[in-house]
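Here is what each chain is made of, one letter per residue.
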Amino acid sequence: MKSNYLNRILLAALVLTTSIFMSCGEDEPNEPEVLVPKVDGAYVFGSNTIATTALEPNAKMSLATLNPAKSGGAENVDGYFGKLMYIGANSTLQISYVEGEEATTYGVEGAASVTNGLELDFTDIDADIIHGTLVADGDPITIADEGLYKLFVDISTESFRMMKVEINVIGDATPGQWTESTAIPMKSATAEGTTFEATDLGLFGAAGYKIRFNQGYELYNDGVIATIDYLGVADYQAAWDAGENDLVYMDVNLPNIETGLFTYTLAFNASTGEWDETKEKTGTLENDYSAVEIGWFGNAYKIDGAEPTGQWETVHMVKTPERDGNLYNWKWTVELIADRAFVLRDPYGTIWITYGGAGKVGSAFDDELIIQEDGQDNYWVQTAGTYDVTFTINSEDDGRTLTIEPSAGGDDLSAKEYGIFGNAYFVEGTTEGAWDAIHFAKTPEKDGDIYSWTWELELIEGRSFVFRESPDGEWVTFGGANHTGAAFDDEQIIKEDGQDNYFVATGGDYVITFTINSLDQGRTLNIEPAQ
């Protein structure tokens, strides 16, 4: 009896010991499971950033904001996600995508790539872009630098790209115009928001600009959809009238009203996703317009008595201004054609002086000889004639004025003598001209505002010449006049190699007419073979 009882005790002890060891084996630690929400969409989370798990509200990504003009009219498209987000230094990120309550958590294989955008497809960003293929259960994406980042995810191709936001402004209102942007440095960055600020930022009044997230406009553009990575306003005139800019993702320039130096602050609110700018004027700014070229654009004017080619395609009569203190003046005397329209602009299309773009002074406006074109912001010529036109910019306030008066007539050139200078002609009989005297100097014939000097000469092949005002005035070289006539068309007279002289490629007798339009000082040289 005692033996059986003892056996039962030993058996029970063995079972209990085995159970304890088995239980210990089952409690081996496992990898922590990534918790994901059940709501369809994309989520981003990680260390030292806006969310540590996909379950946090800040982790949710929105559909990417697109440029409708480049995305088939769509502002968002399913499958493309975007987010502006704070990321701390030495952080890691993962991306989860949930569809039908089925979740996939992505990373990358090894490490993401970092490439300048100009070396990537589908972007114009001239800055480092972090990018790669998303791999299910892959390694977290590592981010070295703190800042505000723009993340774009294309879930259909399981790819992503992101860039650190480095704000700059560009446009007519900025120092670099549309050629070079001006940086607005980051002042502070947290999960709640990011602030960018520049001090003594020069801005020009009555001009527009854009706020860009980097050196470029599109983090992604594959020809089907395009992100919009800059800020504008919904309506330029409405923003001007309001005196402040309500920043939105639209391709409409922001107006800047006043010229000066500013402390410029741009703030991003992470909870609302909205941007706000403030400008505090700290000083005055005088713009130097000395090198700015302005000309005529349209079909309402003549040049040297004839309508030019390239109407509404080419900017004509381009010139730089004369300066008078703070005033920069561009002046023309021009023949205008009735029932036609024009504007003034620079050759690059960045400065347009439309009817509403300048103050209007002079009897041509007072007497309605020139009015606004119906339905357009162009100048409309109601009464043909010759007009003196002055466009003025005041560099103190960037104020713009267009003054138009009926012309009293061009300069009197009746006493001006022009002749020929060089060695490409005979002076008397077989005596050749030389580069030591002006020959055949004469006064012009006058036809209205056109003054003409005409010669019939035998020109010597392989020699060169120019025209000069006698006794010691203007030189009219090859680049100093417009060229017409068969001698130029057939390349019998050409530009001398390495010089700005006229070169006789084919010797012979020629009729030469040099013309000056006294209204606009336009110079034309016509050369025809003598009949």
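Below is a summary of the structure that appears in this document. What you are looking at is a predicted structure, and each value in this text was computed from that prediction instead of being measured.

### Some details on the overall build of the protein
Here is step 1 of the chain: For the protein, the count of helices and strands is 4 helices and 44 strands.
Here is step 2 of the chain: A compact globule built from 531 residues should have a C-alpha radius of gyration of about 24 Å, whereas the protein, at 37 Å, is more than 25% larger.
Here is step 3 of the chain: Referenced to the eigenvectors of the C-alpha coordinate spread, the extents of the protein come out at roughly 160 × 55 × 40 Å.
Here is step 4 of the chain: A burial count over the protein gives 44% of its 531 residues as buried.
Here is step 5 of the chain: Considering only contacts in the protein between residues 6 or more positions apart, those separated by 24 or more positions represent 61%.
Here is step 6 of the chain: Accessible surface, the protein: about 26400 Å² in total, of which carbon and sulfur atoms supply 47%.
Here is step 7 of the chain: Taken as two groups, the 29 positive and 89 negative side-chain charges of the protein have centres that lie 4 Å from each other.

### Structural notes on the environment of tryptophan 312
Here is step 1 of the chain: Mapped onto the elements, tryptophan 312 comes out in the loop between strand E21 (301-302) and strand E22 (316-319).
Here is step 2 of the chain: Note on tryptophan 312: relative accessible area 35%, which makes it partly exposed.
Here is step 3 of the chain: Filtering out sequence-adjacent residues up to four positions away, tryptophan 312 remains in contact with Phe297, Gly298, Asn299, Ala341, Phe342 and Asn378.

### Let's talk about the sheet that holds strand E18 (residues 260-269)
Here is step 1 of the chain: With antiparallel pairing, the 4 strands of this open sheet are ordered in space as E13-E14-E18-E19. Only two strands of the sheet have a single neighbouring strand rather than two, namely strand E13 (186-189) and strand E19 (274-283). Across the sheet, the mean angle separating the axes of adjacent strands is 15 degrees when strand polarity is ignored.
Here is step 2 of the chain: One ladder, built from 9 bridges, connects strand E14 (residues 193-203) with E18; its direction is antiparallel.

### Let's talk about a negative patch on the surface
Here is step 1 of the chain: A cluster of acidic residues, Asp40, Glu99, Glu101 and Glu102, forms a negative patch at the surface.
Here is step 2 of the chain: Mapped onto the fold, aspartate 40 is located in the loop between helix H1 (2-26) and strand E1 (41-49).
Here is step 3 of the chain: According to the relative accessible area criterion, aspartate 40 is partly exposed, its value standing at 42%.

### Describing unusual backbone geometry
Here is step 1 of the chain: Proline 471 follows serine 470 through a cis peptide bond whose omega is 10 degrees.
Here is step 2 of the chain: Checked against the element boundaries, proline 471 lands in the loop between strand E38 (464-470) and strand E39 (475-476).
Here is step 3 of the chain: Its identity as a non-glycine residue notwithstanding, tryptophan 312 has a phi of 60 degrees, on the positive side.

### Focus: the pattern of salt bridges
Here is step 1 of the chain: One pass over the full model with this rule turns up 14 salt bridges.
Here is step 2 of the chain: The partner of aspartate 229 in a salt bridge is lysine 150, with the nearest N and O atoms 2.4 Å apart. Residue aspartate 229 is found in the loop between strand E15 (207-212) and strand E16 (230-231), and its partner lysine 150 is found in strand E9 (residues 147-154); the two are separated by 79 residues along the sequence.
Here is step 3 of the chain: Two residues, lysine 302 and glutamate 335, come together in a salt bridge whose shortest N-O distance is 3.7 Å. On the criterion of sequence distance, the pair formed by lysine 302 in strand E21 and glutamate 335 in strand E24 (residues 327-336) is long-range, its members being 33 residues apart.
Here is step 4 of the chain: On the basis of relative accessibility, which here comes to 25%, the residue lysine 302 falls in the partly exposed class.

### Examining the packing of aromatic side chains
Here is step 1 of the chain: Inspection of every chain in the model, using the stated rule, returns 34 aromatic pairs.
Here is step 2 of the chain: Here tyrosine 80 and phenylalanine 152 contribute two aromatic rings whose centre-to-centre distance is 6.0 Å and whose plane-to-plane angle is 15 degrees, an arrangement assigned as stacked. Of the two residues, tyrosine 80 sits in strand E3 (residues 80-99) while phenylalanine 152 sits in strand E9, which places them 72 residues apart along the sequence.
Here is step 3 of the chain: Their ring planes at 55 degrees and their centres at 5.2 Å tell us that tyrosine 355 and tyrosine 379 sit as a pair that is tilted. Of this pair, tyrosine 355 sits in the loop between strand E26 (352-353) and strand E27 (359-361) while tyrosine 379 is found in strand E29 (residues 379-381), placing the two residues 24 residues apart along the sequence.
Here is step 4 of the chain: On the accessibility criterion, tyrosine 379 (0% relative accessible area) is buried.
Here is step 5 of the chain: A connected cluster of aromatic rings, assembled from ring pairs, spans Tyr418, Trp453, Trp455, Phe465, Phe467, Phe478, Phe488, Tyr502 and Phe514.
Here is step 6 of the chain: Residue placement shows arginine 212 over the ring face of tyrosine 217; its charged tip is 4.8 Å from the ring centre.
Here is step 7 of the chain: Directly above the ring of phenylalanine 421 sits arginine 468, whose terminal nitrogen or CZ lies 4.7 Å from the centroid.

What counts and how
- Residues numbered from 1 in each chain as written.
- Predicted model: local features only at pLDDT ≥ 70, side-chain atom pairs only at ≥ 80, totals over all residues.
- Heavy atoms only, no water.
- Helix = DSSP H or I, 4+ residues; strand = E, 2+ residues; numbered from the N terminus.
- Rg over C-alpha atoms; globule rule 2.2 N^0.38 Å.
- Buried < 20%, exposed > 50% of the residue type's maximum accessible area, 1.4 Å probe, protein only.
- Contact = heavy atoms within 4.5 Å.
- Areas by Shrake-Rupley, 256 points an atom, 1.4 Å probe, with all protein chains shown as cover.
- Lys, Arg positive; Asp, Glu negative; His and termini not counted.
- Charge placed at Lys NZ, Arg CZ, Asp CG, Glu CD.
- Pairing = 2+ DSSP bridges.
- Axes fitted to C-alpha atoms, helices over the stretch in contact; angles between N-to-C directions.
- Patch = residues over 30% accessible without salt bridge, like charges linked within 9 Å, V, L, I, M, F, W, Y side chains within 5 Å.
- Salt bridge = Lys/Arg side-chain N within 4 Å of Asp/Glu carboxyl O.
- Phe/Tyr/Trp six-rings, centres within 6.5 Å; stacked < 30°, edge-to-face > 60°.
- Lys NZ or Arg CZ within 6 Å of the ring centre and 35° of its normal.

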